[in-house]
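Examining the three-dimensional arrangement
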Amino acid sequence: MINYDQKYDVIVVGAGHAGCEAALASSRMGCRTMLLTINLDAIALMSCNPSIGGLAKGHLVKEVDALGGEMAKNIDATGIQFRVLNTKKGPAVRASRAQADKQLYRLRMKRVLEHQHNLDLKQGEVTSLYIESGELRGVELQSGIRYLSKTVVVTTGTFMRGLIHIGLSHYPGGRAGDQPSIGLSDQLQKLGFSVGRLKTGTPARLDARSIDFSKLEPQFGDTPPLPFSLSTDRISMPQLPCHIAYTNPRSHDIIRSGLDRSPLYSGIIEGIGPRYCPSIEDKVVRFPDKERHQTFIEPEGLDTIEVYPSGMSTSLPVDVQIAFYRSIVGLECVEIMRPAYAIEYDYVDPIQLHTSLETKLIKNLYHAGQINGTSGYEEAAGQGLIAGINAALRVKGRDPLILGRSEAYIGVMIDDLVTLGTKEPYRMFTSRAEYRLLMREDNADLRLREIGYRLGLVPEQEYAHFLDKKRMIGEELERISVSRLQHSDNTQAELARRGLHDIQKGTTLEHLLKRSDICYADLADLDPISRETPKEVSDQVEIHTKYKGYIDRQIEQVKQSKKMETTCIPTDLNYASIKSLTTEVREKLSTNRPDTLGQASRIPGVTPAAISILAIALKSASRKENAEECHH
């Protein structure tokens, strides 16, 4: 094994969405970083759906952007349809989503990485971690080269012992067309990590020329398209529609006829699939009374004829796939360009991670993305960003960045993973967040921009714009709280036109805005100063004013739980010595090794009574430690 002459601060293994964010974060924070991948031409490749965002996932993308990550900028530069979902619902659950030009997305991210200072890109397969005298020192490649580093971030996606299934045929692959990673998961298992098996899948790619779009319902994006990133002024890419199609009873009969050759139902696939993104055969079997299932036919780019039928993933044999897709109205003559397939891969139980995403078994080793059992580009990007940040902070000798459940969806996701572990691919939902009214898409910058700036990930110009916005929000909230509606003839006429006859003279603008039948745009018609307020400011003022009672209540809840969330548990605490705990609770705590009292409280089976006992034990241990220090 040859030692490479350049030593690194951070090595990132894998260049998917997690790896890209991790490598950019650590290099931008001043650490000499290397990004290693099996195929440099597949950097940030969208292996499945050519889109970014969606319900709750959009929140993650906005948070990555607020902290100084790249995903939002990348989709803004390459997106071909943008939509805000749930616009008729409250602000907490509204979410942004965008179709990407798949190849442009990949190429732009590669270009960003190639021009990033402090970052080297290299192609090669990592077969093992290099550990010397019990310490992580770097990684070893199949080619016989050893790269040395202070920290390592593993983001292997679906590549660890990847196995592709199409019908009863299967073959090794990290995804269709790529080789799997062999050796690394075996070593992790030998080192004591709990390695499991998961499964995911993707639909066929279809030839758009063979689809009769006149029989399908077009779905256009928003006009104008709203960017993801705080630093994007406007979307300049041409915009394309998607099209809606449906399966039918005949489609379902064809699927049922092929189940005997389905690897999913014949027992060939061992891995557990995603509950919330099932294959089409799963849908047909689970919901036998449902007469049709919807699919969006999504373009993969501006200069390709390939389209993606979302929600139609399958591992059925190719002949069944052809018959099934052709049974859909509008797709009667469709040609499959790339068949659908399922893929099995190894993951490491995330319960063996600290909240920093550093592994509990090996210091300076971080895991991010699908290796932690998650699904989705956005979940991966959020973890990759945090892992890259914390690897860089370790190199600098600083405390890790830990985002709480009340600060970010990224914090909710990581806490869920490290506290509960997962036995199936984890996907983010707004329902997972207890404080979702505080953690909206629209206020990601107000929550996280300051953190990104302190880390060195947010440029001065962008931070200055954020400070201006924050100042204007505060000033406008103060102004409307004291400014009163002027009862001029014009104002009276405008109120009458709107049917607002019950408005009292001298009503403050804040009181007026609290009404359900008044929005800030209405306020602008009644108040000349309000007309000059930028939309990014007026949106925040309106939400804060209308939901103030609910927001204040959640802030109070956060304050009440903060003590538990910040009470650290020593990593070497002997739970067996706390006799008041039941045997079951001691076993659960010993297995999970939670970092804080808050984490311990969320472990299934750990009762409130047990948390009280644990809190007393921690206080007692702290007093004893302080007494010993005084004695010495």
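Above this text sits the structure in question.
Fair warning: this is a prediction, and the values are worked out from it, not measured in the lab.

One open sheet accounts for 4 strands, arranged β12-β11-β20-β13; its pairing is antiparallel. If you trace the sheet from one side to the other, it starts and ends with β12 (169–172) and β13 (195–202), each paired once. Between one strand axis and the next, the sheet turns through 25° on average, direction left out of account. Relative to β12, strand β11 (residues 163–166) is paired through 4 bridges, and the arrangement is antiparallel. The partner of H165 across the bridge, within β12, is H170.

Our next topic: the side chain of Q383. One can find Q383 in helix α9 (residues 377–395). At 2.9 Å, the side chain of Q383 and the side chain of N372 are in polar contact. Side-chain polar atoms of Q383 contact the backbone oxygen of E379, separated by 3.1 Å. Once residues within four sequence positions are removed from consideration, Q383 is found in contact with L357, A368, G369, N372, T374, M413 and L417.

Moving on, we get to the nonpolar core. Nonpolar side chains in soluble globular proteins tend to be buried together. By size, the foremost hydrophobic cluster in this structure holds 77 residues, and its most contacted members are Y105, I389, L403 and I410. For Y105, the residues in contact, after removing those within four places along its chain, are H17, A44, M46, I52, M71, N74, I75, T78 and A100.

The subject of this paragraph is the pairing of strand β8 (residues 126–132). Of the strand pairs in this sheet, β8 and strand β9 (residues 135–141) are connected by 6 bridges, and their pairing is antiparallel. Bridge pairing links Y130 to G138 in β9. Between β8 and the antiparallel strand that follows it, β9, lie 2 residues; S133 among them carries a positive phi value of about 55°.

Along a regular strand, successive side chains alternate from one face of the sheet to the other. Counting buried positions over the 8 residues of strand β20 (residues 341–348) gives 8, a clear majority of the element. Side chains of β20 alternate between two faces, with Y341, I343, Y345 and Y347 and A342, E344, D346 and V348 buried alike. As paired strands, β11 and β20 are joined by 3 bridges and run antiparallel to one another. Bridge pairing in β20 links L163 to E344.

Attention now goes to the sheet that holds strand β17 (residues 294–299). A sheet is described by the order of its strands in space; here 6 strands give the open sequence β15-β16-β17-β18-β14-β19, paired in antiparallel fashion. Sheet topology places β15 (217–219) and β19 (336–338) at the edges, where each strand pairs with a single neighbour. Each neighbouring strand pair of the sheet contributes to a mean axis angle of 35°, computed without reference to strand direction. Note that β17 and strand β18 (residues 306–309) share 3 bridges and pair antiparallel. Across the sheet, I297 pairs through a bridge with P309, a residue of β18.

So, about the side chain of H243. As for its position among the elements, H243 is in strand β16 (residues 242–246). Relative accessible area serves as the criterion here: at 13%, H243 is assigned to the buried category. Ignoring anything within four residues of it in the chain, the contact list for H243 reads F213, L216, E217, P218, Q219, T295, F296 and I297.

With that out of the way, let us pick up the layout of surface pockets. Here the second largest pocket defines a volume of roughly 1400 Å³. When contributions to the lining of the second largest pocket are tallied by element, the ones reaching two or more residues are α2 (57–66), α11 (444–455), α12 (460–482) and α16 (535–546). If you tally residues by element for the lining of the second largest pocket, the top one is α16, at 8 residues. The residue inventory of the lining of the second largest pocket, partitioned by class, reads 15 nonpolar, 9 polar and 16 charged.

This part takes up the packing of helix α1 (residues 17–28) against α9. As a packed pair, α1 and α9 sit with axes 7 Å apart at the nearest point and diverge in direction by 30°. As far as their axial angle goes, α9 and α1 are roughly parallel. For the element pair α1 and α9, the recorded crossing hand is right-handed. Judged by residue contacts, H17, A18, E21, A22, A25 and S26 of α1 engage Y377, A380, A381, G384, L385, G388, I389 and A392 from α9. Class assignment for the residues of the contact of α1 with α9 results in 9 nonpolar, 4 polar and 1 charged.

So, about helix α3 (residues 71–78). Burial of α3 is extensive: 7 of the 8 residues sit out of reach of the surface. Those residues of α3 that sit buried are M71, A72, K73, N74, I75, D76 and T78.

A word on the environment of I2. Along the polypeptide, I2 turns up in strand β1 (residues 2–3). Once residues within four sequence positions are removed from consideration, I2 is found in contact with G144, I145 and R146.

For the coordinates displayed, the defined rule picks out 42 salt bridges. A salt bridge links R479 to E476, with the nearest nitrogen and oxygen atoms 2.9 Å apart. Taken together, the positions of R479 and E476, both in helix α12 and 3 residues apart, correspond to about one turn of that helix. Exposure remark for E476: the relative accessible area of 7% places this residue in the buried category.

A word on empty space enclosed by the protein. Following the criterion strictly, the structure yields 2 cavities of 30 Å³ or more and no others. When its volume is computed, the largest cavity comes out at roughly 40 Å³. If you tally residues by element for the lining of the largest cavity, the top one is helix α10 (residues 409–420), at 3 residues. The volume enclosed by the second largest cavity comes to roughly 30 Å³. Every residue lining the second largest cavity is listed: F82, R83, V84, S96, R97, D222, L226 and F228. Residue assignment for the lining of the second largest cavity shows that the elements contributing at least two residues are β5 (79–85) and β6 (95–100). Of all the elements, β5 adds the most residues to the lining of the second largest cavity, at 3 residues. Its residues placed into classes, the lining of the second largest cavity shows 4 nonpolar, 1 polar and 3 charged.

Thresholds applied
- Residues numbered from 1 in each chain as written.
- Predicted model: local features only at pLDDT ≥ 70, side-chain atom pairs only at ≥ 80, totals over all residues.
- Heavy atoms only, no water.
- Pairing = 2+ DSSP bridges.
- Helix = DSSP H or I, 4+ residues; strand = E, 2+ residues; numbered from the N terminus.
- Axes fitted to C-alpha atoms, helices over the stretch in contact; angles between N-to-C directions.
- Polar contact = N/O pair within 3.5 Å; in protein donor to acceptor, adjacent residues only side chain to side chain.
- Contact = heavy atoms within 4.5 Å.
- Core = buried A, V, L, I, M, F, W, Y, C linked by side-chain atoms within 4.5 Å.
- Buried < 20%, exposed > 50% of the residue type's maximum accessible area, 1.4 Å probe, protein only.
- 1 Å grid on protein atoms, 1.4 Å probe; cavity = no way out; pocket = protein on both sides within 12 Å on 5 of 7 lines; lining within 4 Å.
- Points joined across faces, edges and corners; volume = space filled by probe spheres on them.
- Nonpolar A, V, L, I, M, F, W, Y, C, P; charged D, E, K, R; others polar.
- Parallel < 35°, antiparallel > 145°, perpendicular 65-115°, else oblique.
- Left-handed = near helix turned anticlockwise from the far one by under 90°.
- Salt bridge = Lys/Arg side-chain N within 4 Å of Asp/Glu carboxyl O.

Structural measurements only, silent on function.
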